[in-house]
Amino acid sequence: MKIFIDAGHNHSGFNMGAVGNGMREQDITFSVAYLLAPILERAGLTVRLSRPTLETNLGIDNASSINTRWQMANDWGADYFVSIHVNAGGGTGAETLYGRANSAEFARVVQDVYSKAMGLRNRRVWLREDLGVLRNTKMPAILIETAFIDAPQGSPDLEILRNKHTQMAQAIGDGILQYLGVEAQSNPVAERFNQVAEMPIWASPTIQKLVDKGFLSGTGQGLDLSLDMIRIFVINDRVGLYG
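Residues numbered from 1 in each chain as written. Predicted model: local features only at pLDDT ≥ 70, side-chain atom pairs only at ≥ 80, totals over all residues. Heavy atoms only, no water.

(A) Local environment of the packing of helix α3 (residues 104-118) against helix α6 (residues 165-180). One way to put it is that α3 packs onto α6 with a least axis distance of 8 Å and a crossing angle of 145 degrees. As α3 packs across α6, the resulting crossing turns out to be right-handed. On α6, the residues touching Glu 105, Phe 106, Val 109, Val 110, Val 113, Tyr 114, Ala 117 and Met 118 of α3 are Gln 167, Met 168, Ala 171, Ile 172, Asp 174, Gly 175, Ile 176, Gln 178 and Tyr 179. Considered class by class, the residues forming the contact of α3 with α6 number 12 nonpolar, three polar and two charged. (Axes fitted to C-alpha atoms, helices over the stretch in contact; angles between N-to-C directions. Helix = DSSP H or I, 4+ residues; strand = E, 2+ residues; numbered from the N terminus. Left-handed = near helix turned anticlockwise from the far one by under 90°. Contact = heavy atoms within 4.5 Å. Nonpolar A, V, L, I, M, F, W, Y, C, P; charged D, E, K, R; others polar.)

In structure tokens, the structure reads:
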């Protein structure tokens, strides 16, 4: 089964996302999408990301950026489409949108599982026929607004968006898998990577940097890093946390 995961908005230029409390929507959506992919892959699903890197920009303007996303999913023959976003407007909580009747139950299940797992206000599941990624996709499609980036101080939304991307990805993944009737692999036997030379090619520059800076020294028998840990290091590096 093929799941297309769309990290909402572009890194820079046009079709950029909401901002608030020192955060940018497009950075959060990429991080969550990137962490979500292996959760679904471990359960046996095939995943494709609209933005494979943080810096990926789709299209040449706002309209073509949106069109590129649903066209990619259609051309790939995805079975399901999930677009990840962050809300704005001063509210709190999560909500999930769908564009056609065949996506309503998919939206409801993901919304309920995600909101409960994250301890967020379950705002609503609602029909939005005007959104291109929901209207033009050929497969069931949903768009989840994970929390409010401009929520009032003290709201759980802000702590979640700042510090709980892994938990967000797991909650969305659990919702998707529950809807599909696929068993989550909660305690997989994870592949471990001990040497920089063993790392995936996209990760080795980051891991080498952390070793050179003394941030990673390993266990004496190797670095002992899981793929999920490596992904988090790479995301942090791409947002500039390691200089």
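(B) Fine view of the pairing of strand β8 (residues 141-148). The buried fraction of β8 is high, at eight of eight residues. Summarising the sheet, strand β6 (residues 94-98) and β8 pair through four bridges and their orientation is antiparallel. Residue Glu 95 lies in a different strand from β8, and its bridge partner there is Glu 145. (Buried < 20%, exposed > 50% of the residue type's maximum accessible area, 1.4 Å probe, protein only. Pairing = 2+ DSSP bridges.)

(C) Quick look at the nonpolar core. Grouped together as the largest cluster of nonpolar side chains are 49 residues, with contacts concentrated most on Ile 5, Leu 40, Ile 84, Tyr 114 and Ile 176. In terms of residue count, the dominant contributor to this core is helix α1 (residues 25-42) (10 residues). Those residues within four positions of Ile 5 in sequence are excluded, and the remaining contacts are Ala 33, Leu 36, Leu 40, Val 47, Arg 48, Leu 49, Ser 50, Val 82 and Ile 84. Core analysis: the next-biggest nonpolar cluster, separate from the first, contains 13 residues, Ala 203, Leu 210, Leu 216 and Leu 225 among them. (Core = buried A, V, L, I, M, F, W, Y, C linked by side-chain atoms within 4.5 Å.)

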